[in-house]
Amino acid sequence: MEIGWRGRALAAHMTGQDERCDMVPQQPEQDAERWQAVLSRDRGANGRFWYGVVTTGIYCRPHCPSRPRRENVRFFNTRESARVAGLRACKRCQPDKEHVHGKS
Ligand SMILES: [Zn+2]
């Protein structure tokens, strides 16, 4: 006895099955903007967000010279959230240090 695709689709609809439950994705537009800042090493973006690289387990400032692959990057609003995610501070851009403005 086969229920058929119609029966399964109806069951999924009635139980409200939807894969988008836990990990709520951040706004894609904002992520695209942030990714552009990373690509252009936008120093103006420093302090506004941090990014983590899931493959290396580190997090960076937007201007870091490392060039991770887009699909391995996650964005964080605070460095704390990057740390909570289990990431370590990058040794090159030292995102755990306070950024000193007006000095280069
Ligand atoms: Zn870095």
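Worth saying up front: this structure is predicted, and the values here are computed from it rather than measured. (Residues numbered from 1 in each chain as written. Predicted model: local features only at pLDDT ≥ 70, side-chain atom pairs only at ≥ 80, totals over all residues. Heavy atoms only, no water.)

Draft legend 1. Just the sheet that holds strand β2 (residues 58–60), in detail. Taken together, four strands build an open sheet; the order of strands is β3-β1-β2-β4 and the sheet is mixed. The open sheet has two edge strands, β3 (73–76) and β4 (88–89), and neither has a second partner. Its contacts with the sheet put helix α2 (residues 28–39) on β1 (50–53) and β3, and the angle it makes with β3 is roughly 105°. (Pairing = 2+ DSSP bridges. Helix = DSSP H or I, 4+ residues; strand = E, 2+ residues; numbered from the N terminus. Contact = heavy atoms within 4.5 Å. Axes fitted to C-alpha atoms, helices over the stretch in contact; angles between N-to-C directions.)

Draft legend 2. Fine view of the packing of aromatic side chains. Per the counting criterion, the structure on display carries one aromatic pair. Ring plane angle 75° and centroid distance 5.6 Å describe the contact between phenylalanine 49 and phenylalanine 75, whose orientation is recorded as edge-to-face. Of this pair, phenylalanine 49 sits in the loop between α2 and β1 while phenylalanine 75 sits in strand β3, and the two are 26 residues apart along the sequence. For phenylalanine 75, a relative accessible area of 4% gives the class buried. (Phe/Tyr/Trp six-rings, centres within 6.5 Å; stacked < 30°, edge-to-face > 60°. Buried < 20%, exposed > 50% of the residue type's maximum accessible area, 1.4 Å probe, protein only.)

Draft legend 3. Inspection of the coordination of the zinc ion at higher detail. Looking at the metal site, the zinc ion is ligated by Cys60 (SG), Cys64 (SG), Cys90 (SG) and Cys93 (SG), spaced 2.2 to 2.4 Å from it. Geometry at the zinc ion is tetrahedral, judged from the four donor atoms that bind it and their angles of 103 to 121° at the metal. Coordination of the zinc ion draws on donor residues from a single chain, spaced C-x3-C-x25-C-x2-C in sequence. Assigned by exposure class, cysteine 90 and cysteine 93 land together as buried. (Donors = N, O, S within 2.8 Å, 3.2 Å for Na, K, Ca; no water. Tetrahedral: all angles 85-135°; square planar, octahedral: opposite > 155°, others 65-115°.)

Draft legend 4. How the structure looks around α2. Here α2 spans 16 Å end to end across twelve residues, near enough to the 16 Å set by a 1.5 Å rise per residue. What α2 keeps buried is the set Asp31, Arg34, Trp35, Ala37 and Val38. For α2, the angular spread of buried residues about the axis comes to 155°, placing them on one side. Along α2, exposed side chains directed more than 90 degrees from the buried face belong to Glu29 and Glu33. Along its buried surface, α2 packs onto β1 and β3. Positioned one or two residues after α2, arginine 41 has a phi angle of 50°, which is positive. (Expected span 1.5 Å × (residues − 1). Arc of directions from axis to C-beta.)

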